[in-house]
Amino acid sequence: MQNRVGILILTGVIALLCIYYLSFTFVSNSIKQDATNYATLADGSIDYGKKQRYLDSLWKEPVYLGNTLEEVTARELGLGLDLQGGMHVVLEVSPAEILRGLAGGTRDPKFEQALKKAVEAQKSSQSSFVDLFIDAYKDIAPNTKLATIFANSANRGKINFQSSDAEVRKLINDEVDGSISRAFQIIQARVDKFGVANPNIQRLPGSGRILIELPGVDNPERVRRLLSGAAKLEFAEVYTLNDVAGGLDQLGAYLVQLEAERKQAAAQKPGSTTATASTDTTQKDNSLAAQLAQKNQPAKGDTAKTDTSATAAQNAALTSLFVPISQNQLGVYLKDTARANDILGRPAVKALFPVDAELLWDRKAIVTNDNKEILPLYFIRKPAGKAPLEGDVIVDATNDYDDRGRPEVTMRMNAEGARKWRALTAANINRPVAIILDNLVYTAPTVQNEIPNGSSSISGNFTVEETKDMANILKAGKLPAPTNIVEEAVVGATLGSEAVNAGVISSLVGLAIVLVFVVAYYGRAGFIADLALFVNLFFLLGIMASLGAVLTMPGIAGIVLTIGMAVDANVLIFERIKEELALGKPFKQAIADGFTNAYSSIIDSNVTTLLTGVILFIFGTGLILGFATTLVIGILTSLFAAIFITRIILEQYVKNGKTLAFGTSWSKNLFKDSAFDFVSRRRLYYTISSVVIALGIISVIVKGFGLGVDFKGGRSYVVRFEKSVSTEDVRSSLENELPGSLEVKTYGGTGVGGGNQVRVTTSYLADATTPDSDKEAESKLLAGIAKIQGNKGSIESSQKVGPTIANDLIYSALWSILLAVAVVFCYILIRFKKLAFGYGAVVALFHDVLIILAIFSIGNGFLPFSLDIDQAFVGALLTIMGYSMNDTVVVFDRVREYLNDSKGRKESIPVVINNALNSTLSRTAVTGLSTMLVLIVLFIFGGETIRGFSFAMLIGVIVGTYSSLFVATPIVVDALSRDQLNEVTATPETPAPGKAARAKA
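These notes cover the structure that comes with them.

Cut-offs and rules
Residues numbered from 1 in each chain as written. Predicted model: local features only at pLDDT ≥ 70, side-chain atom pairs only at ≥ 80, totals over all residues. Heavy atoms only, no water. Buried < 20%, exposed > 50% of the residue type's maximum accessible area, 1.4 Å probe, protein only. Helix = DSSP H or I, 4+ residues; strand = E, 2+ residues; numbered from the N terminus. Axes fitted to C-alpha atoms, helices over the stretch in contact; angles between N-to-C directions. Left-handed = near helix turned anticlockwise from the far one by under 90°. Nonpolar A, V, L, I, M, F, W, Y, C, P; charged D, E, K, R; others polar. Patch = residues over 30% accessible without salt bridge, like charges linked within 9 Å, V, L, I, M, F, W, Y side chains within 5 Å. Areas by Shrake-Rupley, 256 points an atom, 1.4 Å probe, with all protein chains shown as cover. Salt bridge = Lys/Arg side-chain N within 4 Å of Asp/Glu carboxyl O. Pairing = 2+ DSSP bridges. Core = buried A, V, L, I, M, F, W, Y, C linked by side-chain atoms within 4.5 Å. Contact = heavy atoms within 4.5 Å.

**Digging into the pairing of strand S6 (residues 209-215)**
Thinking step 1. Along S6, seven of the seven residues are buried, which leaves the element largely enclosed by surrounding structure.
Thinking step 2. Side chains Arg209, Leu211, Glu213 and Pro215 project from S6 onto one buried face, and the interleaved Ile210, Ile212 and Leu214 project onto a second face that is buried too.

**What to know about the packing of helix H29 (residues 835-859) against helix H33 (residues 947-976)**
Thinking step 1. For the pair H29 and H33, the least separation of the axes is 7 Å and the interaxial angle reads 145°. With respect to the hand of their crossing, H29 and H33 are arranged in right-handed fashion.
Thinking step 2. Its residues assigned to classes, the contact of H29 with H33 comprises 20 nonpolar, six polar and one charged.

**A few points about a nonpolar patch on the surface**
Thinking step 1. A surface patch of nonpolar side chains, amounting to about 840 Å² of accessible area, comprises Val614, Phe617, Ile618, Phe619, Trp815, Leu818, Leu819, Phe846 and Leu850.
Thinking step 2. For the nonpolar patch, the element with the most residues is helix H22 (residues 587-619), which contributes four residues.
Thinking step 3. Mapped onto the elements of the fold, leucine 850 is located in helix H29.

**Quick word on the sheet that holds strand S14 (residues 394-401)**
Thinking step 1. Taken together, the three strands give an open sheet; going across it, the order is S14-S15-S18, and neighbouring strands pair in antiparallel fashion. Strands at the two margins of the open sheet, each flanked by one partner only, are S14 and strand S18 (455-459). Each adjacent strand pair in this sheet contributes to an overall mean axis angle of 25°, direction not counted.
Thinking step 2. The pairing of S14 with strand S15 (residues 407-413) spans seven bridges and is classified as antiparallel. The residue bridging isoleucine 394 from the neighbouring strand is methionine 413, located in S15.

**With respect to the pattern of salt bridges**
Thinking step 1. Scanning the entire structure with this criterion turns up 31 salt bridges.
Thinking step 2. Among the salt bridges present, the one from glutamate 579 reaches arginine 576, with a minimum N-O distance of 3.7 Å. Here glutamate 579 and its partner arginine 576 are both found in helix H21 (residues 553-582), three residues apart, which amounts to about one turn of the helix.
Thinking step 3. When its relative accessible area of 16% is taken as the criterion, glutamate 579 is described as buried.
Thinking step 4. A residue is classified by how much of its surface remains accessible, and arginine 576, at 3% relative accessible area, is buried.
Thinking step 5. In this structure, a network of salt bridges that share partners links the residues Arg576, Glu579, Arg894 and Glu897.

**Quick look at the nonpolar core**
Thinking step 1. The biggest cluster of nonpolar side chains holds 118 residues, and the ones touching the most others in it are Tyr522, Leu650 and Phe662.
Thinking step 2. Looking at which element gives the most residues to this core, the answer is helix H30 (residues 871-901), with 16 residues.
Thinking step 3. Those residues in contact with leucine 650 that sit more than four places away from it in its chain are Ile528, Phe574, Ile577, Ile591, Phe595, Leu660 and Phe662.
Thinking step 4. Counting 46 residues, the second largest nonpolar core, distinct from the first, contains Ala96, Ala136, Val176 and Val191.

Shape is all these values report; function is a separate question.
So this is what it looks like as structure tokens:
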């Protein structure tokens, strides 16, 4: 081999780099183990706070080659969320709010109507929100220019009333893109200070979405608040209870009359419920407000004249809703806040209080001695609906401790903010001033003295984490528009550790089986292939570590699959060498010719798989992206190992005068002189495939597919019980708690019969995007599973996908499949220069996809594991297409070779192709069997996370191997020459390959 020294040097350099980058992983894991040992208590439990303190003490300290623990952790081969637990979130910056801001708060009803139509259309459209809005607005107001809405003071100098619709559209698009970029920077700043090792944050191209992955997070509620909070900070005066005493008295009278009307309605309509009877229309509210307005309030000196019974009734009505917290503070029991919001939001009630009063809740409930939760309520003064001071004046914020050692946030304002803050505090000495963040009152301290320098603190009943997050948010800045969580996945640490164990076991067992099989088939030559596989695996992990890649469960599947498919390159080489040796060539010459003749098949087959992996990498997110990364790197390392490492070792044998037998006693003649007739029975194979596809179509029409939450939207939870549980029992316990569509399926588990885990999928609150909706859905689920007596359940992982995301994923999946087909077709057309090969490859691809879809539809509900169509399935489908192409291209390559060498001889195309197919049987069988063995291991030991994925892959390998031999190549026969086919039909017998002229003599 030429450049042998250069290859050895390159191999050595790559090996050293791999050792260097992988060493960070070993060091990091060693330190984490030391921290675990340090925090392990006498009873064997782990004090996680103590463990974190140990790691924090080394976080900024050099621990390895001058690198701090923070830098070592950043360079390690990290584990994905599915392997260590954590949270995956996709945020969407609200374009509707951005447009409202650009419109300057217009009250044009047509504008709001167009926004609502655009929001609804976005759920099922691939167009941008701006285009959807403009189309909707033009439908509603066809003769109105966009400039009439957007030409305002906020956009002065950019557009005016004479601006065209095209100019306004450009302005809106630029502003939306700019807002998304600013939001990304702010979210990135917040996440960077969150304290999570190896966070991943990126903009998703072509959308206003931001992907955030936070490994190891165990407090999803905190993350939701951090990411979706707009950070709108306000400083405002507070109305005391004395200031609004008159309004509260009138509110008491309102509640008394409301109760009287409820009782009267209940008496007139005995069948009506309390909730129905207590519902008031706006007209009734206004009538009552008029009555209250006419009522004279007693003067302070006339208290004795007040009707004591009426006062008592009013007080009783008020205390039925409000709870006195202190002399100057009211609250509401947490369970009654929905009722309080309903009453306090009515126009009649708002009219009882000052016009500039806004009612806001405290951020945190107070827990009483009897474990009841009370949420404080504040009457905030906002003249003209705007606070006198907002958070844009903050230039710095840090978490600190007050003089009593309690956590607080210190902040510093700019000159303008300091001036306004001084005036605000001077005007409110001995009165409370509220500090409000995202419409929640964080604290409302009483001002003791004027604050002149703009430096102050926010103190209250905070934890250290809360002050860190608040300072982080204030320092990072205010989001340009609210963000909604449109997709979310939370994986518990327990489920993650089990996935690690399953992945390690499946990897080791799969690797062992492949190594043993290769040695059993090729004898001593098999050890050389095994050594190349070890080099391949080492390089693969080293390169992943150097690129900062994250190892996921599908990534482990990709590694194991890469090992199985890496055998193919060695098999192609060994089979070619065997052919050359059979022709009587010297060992050295046979090796050189074997490699030369195998290159074409190796390159073509791996390029098609590589193209599919690249498409997966471009279109995939999350777990699929992890799989694609591993697959692409694995293909490149396996090519290097097979072409260079294997050849160097073989040539070293030759140099030392040794020879090898590329087979064992049972395998050397296994496929020798095979004479299977693939071509003449092609109509039978077409019929078999057509019947399966037809049954699949009928199944799809009758029962459809089991769509995963990825593709239909909704919420999905993995729930683990202490003992085995029936899916029917779980479903019946949840039906009243989670209205809407509800599915409960067995999800692996380790209980009796393996049924202590279920996956619950529901449409409940699928459209809701607030953190409160996530908490509510989880509480409903927990309330439902608590009804199952004697079998405690807990949520191990959760996933939420909004309808817009689900629709986008469907389109993305379809485009991925079509793009893969188009790319493969073009490559084969370029390489083989005949449309017949392109037709055969494309038909075989669609054949494989349809067969697998048919099996998943027919088998859904009958097999004891999930056959949902989701992102993982699409990844499996694309990988299957790559594998099928790999197999098909190897066969095509030999067909092309035989066709070229048959020129000048009167052999029909079917005879030549039949001979070519038989000559590749050994390679097809060895590669297919080794890959299937790996996938069987993945299916059995890989865990529930990828069971459906590995099943799809296993079926796909079988179907792909079948289609290469019995579909793709027979189609080439039909397409190449129908005239020759008619000529051969009269031939009674197809010659065996051994009787045909050899391709190479």
